[in-house]
Amino acid sequence: MEAARDHGAASSRGPATLTSEVSDARLVARCRGGDDDAWRELVERFSRYVYAIAMQGFRMTEHDAEDVFQEVFARVYERLDSLREDEAFRPWLGQLTRRVCIDRLRSGGREQPAEDELAEVAEEDVLSQLEEAFDVHDALAGLPEHCQEILDRFFARDESYRAIGEALELPAGTIASRISRCLVRLRDAYEGRNPPAAPSSEQVK
Amino acid sequence: MSAYDIERLSRLIGMLPPAPEAWVRAAQELPAARREIDGIVARAEADAKFREALIADLEGALRAEGVEPTWPLLDELRRRVS
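Worth saying up front: this structure is predicted, and the values here are computed from it rather than measured. (Residues numbered from 1 in each chain as written. Chains lettered and ligands numbered in written order. Predicted model: local features only at pLDDT ≥ 70, side-chain atom pairs only at ≥ 80, totals over all residues.)

A. Focus on the overall build of chain B. When helices and strands are tallied, chain B shows six helices and zero strands. Listing the helices and strands of chain B from first to last along the sequence gives α-α-α-α-α-α. For 82 residues, the compact-globule formula gives about 12 Å, and the C-alpha radius of gyration of chain B, at 21 Å, lies well above that figure. Taking the principal axes of its C-alpha atoms as reference, chain B extends roughly 75 × 20 × 20 Å. Out of the 82 residues in chain B, the part that is buried amounts to 32%. Put simply, of all contacts in chain B between residues at least 6 apart along the chain, 53% involve residues at least 24 apart. (Helix = DSSP H or I, 4+ residues; strand = E, 2+ residues; numbered from the N terminus. Rg over C-alpha atoms; globule rule 2.2 N^0.38 Å. Buried ≥ 20, exposed ≤ 12 C-beta atoms within 10 Å, placed from the backbone. Contact = placed C-beta atoms within 7 Å.)

B. A look at the overall build of chain A. The helix and strand tally for chain A stands at ten helices and zero strands. Order of helices (α) and strands (β) in chain A, N terminus to C terminus: α-α-α-α-α-α-α-α-α-α. Going through the 205 residues of chain A one by one, you find that 30% of them count as buried. Look at the contacts in chain A between residues 6 or more apart in sequence, and 67% of them connect residues 24 or more apart.

C. Inspection of the packing of helix 7 (residues 145–156) of chain A against helix 9 (residues 172–193) of chain A at higher detail. All names here are of chain A. Two elements in contact, helix 7 and helix 9, have axes whose closest approach is 9 Å; the angle formed by their N-to-C orientations is 105 degrees. As summarised for this structure, helix 7 and helix 9 are arranged roughly perpendicular, according to the angle between their axes. Along its contact with helix 7, which presents Cys147, Ile150, Leu151 and Phe154, the element helix 9 presents Arg178, Ile179, Cys182, Leu183, Arg185 and Leu186. Grouping the constituent residues of the contact of helix 7 with helix 9 by class yields eight nonpolar, no polar and two charged. (Axes fitted to C-alpha atoms, helices over the stretch in contact; angles between N-to-C directions. Parallel < 35°, antiparallel > 145°, perpendicular 65-115°, else oblique. Nonpolar A, V, L, I, M, F, W, Y, C, P; charged D, E, K, R; others polar.)

D. Structural context of the confidence of the model for chain B. When pLDDT is averaged along chain B, the result is 87, and 94% of the positions lie at 70 or above. Predicted complex, confidence summary: ipTM 0.79, pTM 0.80. (pLDDT = per-residue confidence, 0-100.)

E. Region of interest: the confidence of the model for chain A. Residues and elements named next belong to chain A. Scored by pLDDT, chain A comes out at a mean of 83, with 78% of its residues at no less than 70. Within the model, the stretch residues 12–19 combines pLDDT values under 50 with 17 contacts to residues more than four positions away or in other chains. Below a pLDDT of 50 lies the segment residues 200–205, which in the model reaches one contact outside its immediate sequence neighbourhood of four places, other chains included.

Structure, rendered in structure tokens:
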């Protein structure tokens, strides 16, 4: 059944809505209280994460990924009360998404692979990098809006200099330098939140 | 050199492209859709004729009521009205 299945364009919402000043825990609490606006923000905040786990972590087709995406958020909506610690929403969501992906693979397969075999289908390296990618996007959300916009458009939305220039009304010649400056700001912001591990004493010697 | 070099950061930004807008919108509308489903189910329980129409042609019956038959809505109603 394909009623109203929509493979429309990627979300056009600006990168400023990737995250906001409201913590995950607070947002979850508001959702649990029936706040529809909070629910919309929660979906917006984590939509890329769920999408990436399905598409990159489990290499699903768009068709399967869409089913997983909707099923994950339906389960979140139904089971939010069972979340023990609101601060742990993201790992809970990540685990839930993996579970739904595995269920989907199982239901679509002709054979019935064992649980551990299904788990191996996941690209563990990719899933681990997605966690880091989410942290980087969090840091990105703390940058000025013009930096969020240009970095998101160029790297996440894969837009050309020309498309970015037209959308942001910038001369094409300034885009590369702006991207470069914004990346440096992002690196500084990210390092501030995630200081690199100090070298071991052996390395210092 | 920084532990978080620019090239790595660029790649990490690119790992989270936006999900298709329609998917996001459908998920965002879930609470409203659930309320709509609850209303339809309640009416089906109280109105046998409406219930029969739903079972016979779910999409058509919803359209006749002015309700867009999105697939999550149809899936949920099939589970609850049968």
